[in-house]
Amino acid sequence: MRTICSALDVGTSKVCALLAECGEDHAPTILGYGLAPCTGLRKGVVVNIEATVEAIRAATAEAERGAGVHFGPTVVGVAGAHIRGLNSHGIVAVRGGEVGTRDVERVIEAARAVAIPLDRQVLHALPQQFAVDDQEGVRDPLGMAGVRLEARIHIVTAAQSYGQNLMKCCERANLPPVELMYEALASADAALFPEERELGVALIDIGGGTTDIIVFLNGAVMHTAVVPIGGNHLTSDIAAGLRTPLAEAERLKINHGIATNLIVGRDEIVQVPGVGGRDPRAIGRHLLGEIIEPRMEEIFSMAQREIVRSGVADSLGSGVVLVGGTSLLEGTQELAERIFNLPVRRGLPLNPRDMPEPLMKPMYTTAAGLLMRAARQKASAHSNGRGGRWGWLRTRVGDWMREFF
Ligand SMILES: Nc1ncnc2c1ncn2[C@@H]1O[C@H](COP(=O)(O)OP(=O)(O)OP(=O)(O)O)[C@@H](O)[C@H]1O
Ligand SMILES: [Mg+2]
């Protein structure tokens with residue numbers, strides 16, 4: 001029987017739907033994809049249910065046409081300034097002198113048991129490291145001898161109502177039950193190499209409405225944050241600064257925009273169409289840079305503040321990886337290197353391995369990572385069916401380890 005897995009990235013600018021088949025090795029092979037512009041979100045959260053449902057319907061229908069199969073349980077991305085990340089810590093006594101799956105479950109539960117307001121839901125509880133008695137920095141404590149087990153975890157929470165609205169949109173678009181995943185965590189799955197997560201890396205996803213940040217060190221998530229500014233702000237800055245319609249401002253940004261004036265000659269000229277029948281004007285391209293650069297600096301400075309908050313800013317051996325549509329802006333890498341004082345590269349959806357050519361762009365890393373998660377879920381559901389009474393538990397603990405280290 002074919003195992004189908006699916007993912008949906010509901011972004012501020014577009015919806016991207018992916019349908020795939022999970023093979024023997026549980027790696028997803030994409031069967032179909034769909035893209036639709038979306039106007040129902042602002043700064044990463046749903047503000048217009050009808051428009052969002054329409055975009056989800058259009059993207060999923062296109063994917064189903066291409067794949068010839070229907071959407072099943074789907075992993076859906078969530079972002080927005082309501083996302084919060086916090087570190088927590090739990091301790092339990094080890095039963096029977098040797099750490100078992102049950103002890104690992106209990107210690108994660110203990111670490112999760114922090115006071116989370118009723119209006120928030122936990123999206124992820126990501127283990128950072130364990131300690132068995134006095135031995136710190138343990139990644140996989142299963143089978144170790146000891147009497148005390150400690151866990152450090154990173155918890156990502158979202159506002160209940162925002163998550164519910166997104167799920168409501170999916171339901172109305174006739175998607176079966178969905179699971180929510182923080183978008184930057186998904187992007188990281190698609191775009192980062194395991195060595196980068198080990199050495200320390202900050203992934204910054206600059207989308208249309210939000211900039212999502214996630215920081216890794218020693219293979220574990222250390223910090224997550226969302227800054228409510230993205231590429232759409234650049235477009236409105238250009239529209240206001242050059243007195244041109246938003247659609248023209250978007251076109252100017254994509255075709256001629258530059259993140260920093262350091263990379264443009266003073267004599268480059270671009271044409272700006274006028275508003276309300278006025279004649280087009282010719283302007284120096286550096287003027288675009290003068291409008292865009294302060295906003296990009298603002299985005300990167302806010303991201304920098306979050307990286308400092310992670311407490312591991314000095315240990316990011318692999319520097320910064322930029323994804324999201326706005327990372328395509330010319331000069332973004334140069335500006336980011338100047339602000340972060342770290343090596344910067346642009347990320348692509350490298351996982352799954354067979355992304356269709358049109359999706360091999362930094363704005364599709366989120367959808368790709370959501371699909372990787374969906375495939376892992378299928379794999380663990382599959383093995384949950386085997387392994388006897390405790391099989392499911394072993395698989396679940398194994399999943400945590402595999403997923404985050
Ligand atoms: N070549 C380009 N140069 C500059 N900006 C670009 C380019 N291509 C796309 N963008 C911008 O990227 C943004 C969309 O990026 P992306 O698709 O990653 O966002 P999203 O996932 O829909 O939104 P979000 O993640 O914020 O909810 C838009 O603001 C768009 O103008
Ligand atoms: Mg996005």
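Keep in mind that what you see is a predicted model, and the values were worked out from it rather than measured. (Residues numbered from 1 in each chain as written. Chains lettered and ligands numbered in written order. Predicted model: local features only at pLDDT ≥ 70, side-chain atom pairs only at ≥ 80, totals over all residues. Heavy atoms only, no water.)

## Some remarks on a nonpolar patch on the surface
The cut-off we apply is this: Think of a patch as exposed residues, more than 30% relative accessible area, with no salt bridge, where like charges cluster within 9 Å and nonpolar side chains (Val, Leu, Ile, Met, Phe, Trp, Tyr) cluster within 5 Å. Each accessible area value is a Shrake-Rupley result obtained with a 1.4 Å probe; residue values ignore everything except the protein chains displayed when judging cover. Each reported salt bridge corresponds to a side-chain nitrogen of Lys or Arg within 4 Å of a carboxyl oxygen of Asp or Glu. Secondary structure is summarised from DSSP: a helix means a run of H or I of at least four residues, a strand means a run of E of at least two, and numbering begins at the N terminus for each.
Together, Phe193, Leu348 and Leu350 give the surface a local cluster of nonpolar side chains, amounting to about 220 Å² of exposed area. Relative to the helices and strands, Phe193 resides in the loop between helix H4 (183–191) and helix H5 (194–199).

## Digging into the pattern of salt bridges
When the charged atoms of two side chains with opposite charge come close together, those side chains can pair. The condition that has to hold: Summary of the burial criterion: residues with accessible area below 20% of their type's maximum are buried, those above 50% are exposed, and those between are partly exposed, where the area comes from a 1.4 Å probe applied to protein chains only.
In total, this model carries 22 salt bridges according to the counting rule given. The partner of Asp9 in a salt bridge is Lys14, and the shortest N-O contact between them spans 3.6 Å. On the basis of relative accessible area, Asp9 is assigned to the buried category, the value being 3%. Across the pair Glu179 and Arg373 runs a salt bridge whose closest N-O atoms are separated by 2.9 Å. Placement of Glu179 in strand S11 (residues 178–182) and of Arg373 in helix H10 (residues 365–384) is noted, with a sequence separation of 194 residues between them. Residue Glu179 is classed as partly exposed on the basis of its relative accessible area, which comes to 25%. Among the residues examined, Arg373 registers a relative accessible area of 9% and is labelled buried.

## What about the pairing of strand S10 (residues 148–159)?
Definition in use: By the convention used here, strands pair only if DSSP detects at least 2 bridges between them.
Across the twelve residues that make up S10, a large majority, ten, are buried. Summarising the sheet, strand S7 (residues 84–93) and S10 pair through ten bridges and their orientation is antiparallel. Each residue of the ladder has a partner; that of Val92, found in S10, is Leu149. As paired strands, strand S8 (residues 120–132) and S10 are joined by eleven bridges and run antiparallel to one another. Across the sheet, residue Arg120 finds its bridge partner in S10, namely Ala159.

## Description of unusual backbone geometry
Note on backbone geometry: most residues besides glycine have negative phi, and most peptide bonds are trans. Residues Asn351 and Pro352 are joined by a peptide bond in cis, for which omega reads -5 degrees. With respect to the helices and strands, the residue Pro352 is situated in the loop between strand S18 (344–346) and H10. Look at Asp133: it is not a glycine, yet its phi comes out positive at around 50 degrees. Within the secondary structure layout, Asp133 lies in the loop between S8 and strand S9 (135–138).

## Let's talk about the sheet that holds S18
Rules: Convention adopted: a line fitted to C-alpha atoms gives each axis, helices being fitted over their contacting stretch, and angles between N-to-C directions are expressed from 0 to 180 degrees. Contact definition: two residues touch when any of their heavy atoms are within 4.5 Å.
The strand order S14-S13-S12-S17-S18 describes an open sheet built from five strands, whose pairing is mixed. This sheet does not close on itself; its edge strands, each paired only once, are strand S14 (220–227) and S18. Sheet twist, expressed as the mean angle between neighbouring strand axes with direction ignored, is 20 degrees. Here H4 sits on the sheet in contact with strand S12 (201–206), strand S13 (211–217), S14, strand S17 (320–323) and S18, set at roughly 60 degrees to S13. Helix H8 (residues 285–309) rests against S12, S13, S14 and S17 of the sheet, and its axis sits at about 145 degrees to S12.

## Section: the sheet that holds S10
A sheet is described by the order of its strands in space; here four strands give the open sequence S7-S10-S8-S9, paired in antiparallel fashion. A single partner strand is all that each edge strand has here, and the edge strands are S7 and S9. Averaged over all neighbouring strand pairs, the angle between strand axes comes to 35 degrees, with direction disregarded. Against the sheet, helix H2 (residues 101–112) contacts S7, S8 and S10, and its axis sits at roughly 130 degrees relative to S7.

## Regarding the environment of Ala249
For Ala249, the location among the structural elements is in helix H7 (residues 246–256). In this structure, the C-alpha to C-alpha distance between Ala249 and Ser318, residues 69 residues apart in sequence, is 35 Å. Among all residues touching Ala249, those that are not within four sequence positions of it are Thr235, Ile238, Ala239 and Thr244.

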